[in-house]
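# Secondary and tertiary structure notes
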Amino acid sequence: DEIIDFNPALKIKSAKHQKLPPDPFSEIEARKIIADLYKHHSGREAVYAAYFELAFWTGMRTSELLALEWTDIDWFSKTARVCKAQSKGLLNDKTKTAKSRDVMLTDEALHALDQMKPLTYLGQGEIFKSPRTGASWKTDKSPREPLYKSLRRLGIRRRKAYATRHTYATIMLMRGVNPAFAAAQLGHSLQMFLQVYAKWIHGDQNKSEFQKIKSGQVLVIDESGKSGTE
């Protein structure tokens with residue numbers, strides 16, 4: 001209980017923390033998953049497919065998707081106002097970064113919303129609700145299981161449902177979208193966005209460079225000094 005004039009923990013070295021990189025689905029995988037979910041879930045259960053279609057094509061956080069309401073959708077400008085979050089069963093009137101943003105809706109995202117209109121539009125409130133009880137989802141536990149079943153059916157390596165956000169980020173970069181615009185769509189600062197997704201900025205360039213290694217061509221220089229490949 002006595003006061004000491006030094007920190008006894010100073011000699012203890014902090015363990016290095018290895019942060020795992022994003023593990024997105026490819027665009028082909030994402031489209032296969034969405035098609036499979038619609039194939040196996042119809043009627044009121046189409047909510048599972050529409051939920052992940054919107055997740056894949058907006059990059060919204062799970063908490064933002066759960067809190068998204070019909071009044072947040074601007075059909076004229078084709079945007080969704082992301083301004084709140086459903087986290088740990090509680091609705092917060094602000095996002096994770098405490099900043100609202102307008103997410104532009106792709107054709108795929110609008111298709112997902114069109115699928116949800118007959119199911120929850122008249123009731124207003126949250127867009128995504130349980131097909132059994134009609135109550136809004138407080139966590140993503142319910143839609144996760146259909147996703148994992150779809151991955152098993154398709155033989156696609158399992159990732160966390162949050163990988164849908166990483167998928168949209170990498171799709172944008174692979175298509176050459178300006179990183180500043182992509183960061184704003186995801187609610188990231190540009191600095192944070194570049195730290196997380198920098199390796200996807202060059203799109204397919206890395207693959208084309210790797211093909212040079214796989215080509216098996218060997219540089220040969222003959223006695224006269226002329227070079228060639230074989």
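Residues numbered from 1 in each chain as written. Predicted model: local features only at pLDDT ≥ 70, side-chain atom pairs only at ≥ 80, totals over all residues. Heavy atoms only, no water.

What follows is about the overall build of the protein. Counting secondary structure elements, the protein contains 9 helices and 7 strands. Across the 230 residues in the protein, those meeting the buried criterion constitute 40%. Excluding contacts between residues fewer than 6 apart, the proportion of contacts in the protein whose partners are at least 24 apart in sequence is 58%. On the protein, roughly 14600 Å² of surface is accessible, and the fraction owed to carbon and sulfur atoms is 54%. (Helix = DSSP H or I, 4+ residues; strand = E, 2+ residues; numbered from the N terminus. Buried < 20%, exposed > 50% of the residue type's maximum accessible area, 1.4 Å probe, protein only. Contact = heavy atoms within 4.5 Å. Areas by Shrake-Rupley, 256 points an atom, 1.4 Å probe, with all protein chains shown as cover.)

Glancing now at the layout of surface pockets. The volume enclosed by the largest pocket comes to roughly 930 Å³. Along the walls of the largest pocket sit 36 residues, with Lys 96, Lys 160, Tyr 162, Arg 165 and His 166 positioned nearest its centre. Listed by contribution, the elements that provide at least two residues to the lining of the largest pocket are α3 (62-67), β3 (85-87), α5 (141-154), α6 (163-174) and α8 (190-197). Considering each element in turn, the lining of the largest pocket owes the most residues, 4 residues, to α8. Split by residue class, the lining of the largest pocket holds 12 nonpolar, 11 polar and 13 charged. (1 Å grid on protein atoms, 1.4 Å probe; cavity = no way out; pocket = protein on both sides within 12 Å on 5 of 7 lines; lining within 4 Å. Points joined across faces, edges and corners; volume = space filled by probe spheres on them. Nonpolar A, V, L, I, M, F, W, Y, C, P; charged D, E, K, R; others polar.)

Tallied over the full model, the rule gives 1 cavity of 30 Å³ or more. The volume enclosed by the largest cavity comes to roughly 30 Å³. In terms of lining, the largest cavity is formed by Tyr 51, Phe 52, Ala 55, Thr 62, Leu 65, Asp 140, Ala 161 and Thr 164. Listing elements by their share of the lining of the largest cavity, those giving two or more residues are α2 (46-56) and α3. For the lining of the largest cavity, the leading source of residues is α2, giving 3 residues. Considered class by class, the residues forming the lining of the largest cavity number 5 nonpolar, 2 polar and 1 charged.

Attention now goes to the side chain of Glu 69. One can find Glu 69 in the loop between α3 and β1 (73-74). The buried charged residue Glu 69 lacks any salt bridge partner; its closest oppositely charged side chain belongs to Lys 84, at an N-O distance of 4.3 Å. For Glu 69, the residues in contact, after removing those within four places along its chain, are Lys 84, Gly 125, Glu 126 and Ile 127. (Lys, Arg positive; Asp, Glu negative; His and termini not counted. Salt bridge = Lys/Arg side-chain N within 4 Å of Asp/Glu carboxyl O.)

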